[in-house]
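Descriptive analysis of the structure
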Amino acid sequence: MEGIVIKTIDYKEKSKIVYLYTSFGMKSIKALDVLRTKLGFVTTLNVVDFEMSKGNLPTVTEYTLKDSFYSLYEDLTKVGVLAPILDILQHLEEEVNHTRIYSFVIQILKALRETKEPYYILSLFLVKMLAVFGVRPVLKQCIHCKGTRIVNFSILEGGALCANCATYNERNFGIFTALERLYYSKTYEVQVLPVDYKSLLEAIYSYYAIHVHLNLKNYLF
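A brief report on the enclosed structure follows. (Residues numbered from 1 in each chain as written. Predicted model: local features only at pLDDT ≥ 70, side-chain atom pairs only at ≥ 80, totals over all residues. Heavy atoms only, no water.)

**As for the pairing of strand β7 (residues 150-154)**
Put simply, the rule reads: Residue exposure (1.4 Å probe, protein chains only): buried if accessible area is under 20% of the type maximum, exposed if over 50%, otherwise partly exposed. In this text, helices come from DSSP runs of H or I with a minimum length of four residues, and strands from runs of E with a minimum of two, each type numbered from the N-terminal end. Strands are labelled as partners when DSSP assigns at least two bridges between them.
Burial of β7 is extensive: five of the five residues sit out of reach of the surface. The pairing of β7 with strand β8 (residues 159-162) spans four bridges and is antiparallel. Note that in β8 the partner of Asn152 across the bridge is Leu161. In sequence, β7 turns back onto β8 through a hairpin of four residues, with Gly158 there showing a positive phi of about 75 degrees.

**A closer look at the packing of aromatic side chains**
Geometry of an aromatic ring pair is reported as the spacing of the ring centres plus the angle between the planes. The criterion, for reference: We call Phe, Tyr and Trp rings a pair once their centres come within 6.5 Å, taking the six-membered ring for Trp, and we label the pair stacked below 30 degrees between planes, edge-to-face above 60, and tilted otherwise.
Counted according to the given criterion, the structure contains 11 aromatic pairs. Between Phe41 and Tyr63, the aromatic rings sit 5.5 Å apart at their centres with planes inclined by 50 degrees, giving tilted as the arrangement. Of this pair, Phe41 sits in helix α2 (residues 39-42) while Tyr63 sits in strand β5 (residues 60-68), placing them 22 residues apart in sequence. Since its relative accessible area comes to 0%, Phe41 is described here as buried. Between Tyr119 and Tyr197, the aromatic rings sit 6.2 Å apart at their centres with planes inclined by 40 degrees, giving tilted as the arrangement. With Tyr119 in helix α5 (residues 118-129) and Tyr197 in helix α7 (residues 197-212), the pair connects residues that are 78 residues apart, well separated along the chain. Like Tyr119, the residue Tyr197 is buried in the burial classification. Among the aromatic residues, ring-to-ring pairing joins Phe41, Phe50 and Tyr63 into one connected group.

Nothing here speaks to function; it is all geometry.
So, in C-alpha cells, the structure goes:
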C-alpha cells in the first residue's frame, strides 16, 4: 500500500503512531523503534510503499521510500499553504473516492514543489475539492434565474449571479472569473487570475465555512 505521511504522534518510548493518507483513506499505523529503523517512515510528507500487520492498530512491517515532499518545509510560504491542504485531507469522509483524490493530492504536491506561485496551487486545490464535499459551485448560469450574463458569485448561495439578480455591492466579477478558471482548469500551470490571492482565498475560505462547515480562516496570510 502507498501513502503520504500526514502527521505523527509519540507512542511509548521509541515508537510513533503514523497517520498516512492513502488511496483507501486515512490510515493510522504503529511504527516501532523509529530512531533505529523507521525514520523514513515517520517523516512528514514522505511518500512510502508499506506493508503492515493485521489488527485495529496495525504495525508497519516493511516500507520503501518512494518520494519526499519534506523540502516544502524549507519555504515559509509553502509551509503556510500546506497547512490547509493537510487539514482538508483529515476532514474527508470515508465514502469519498480516495483513489482519485490521492492521485490528485500527489500531483498538487509535485506542482507545489516546483511552483513559484504556491497560492495559486492552494487556490486550485481548494476549489477542485469542493466537488468532493458535495458543494460544487454553480458557475455556468445564475443561481436564481439561470441567466448567463454573470457579474459575480454569491458565497452565501454558492452560485453565480447575473446582472439582474446581483446587487450593486455584489458586482465583483474578478472573484467569479477566478473561481471559474480554477474549477475548470485541466492543468497545474499557473494562470493569471483577475484578483489578488488574499481576496480570493478569503472568498474560498468563507465558502468552506458556510457550505462545508470547515474553518480554514486561521490559515490566511
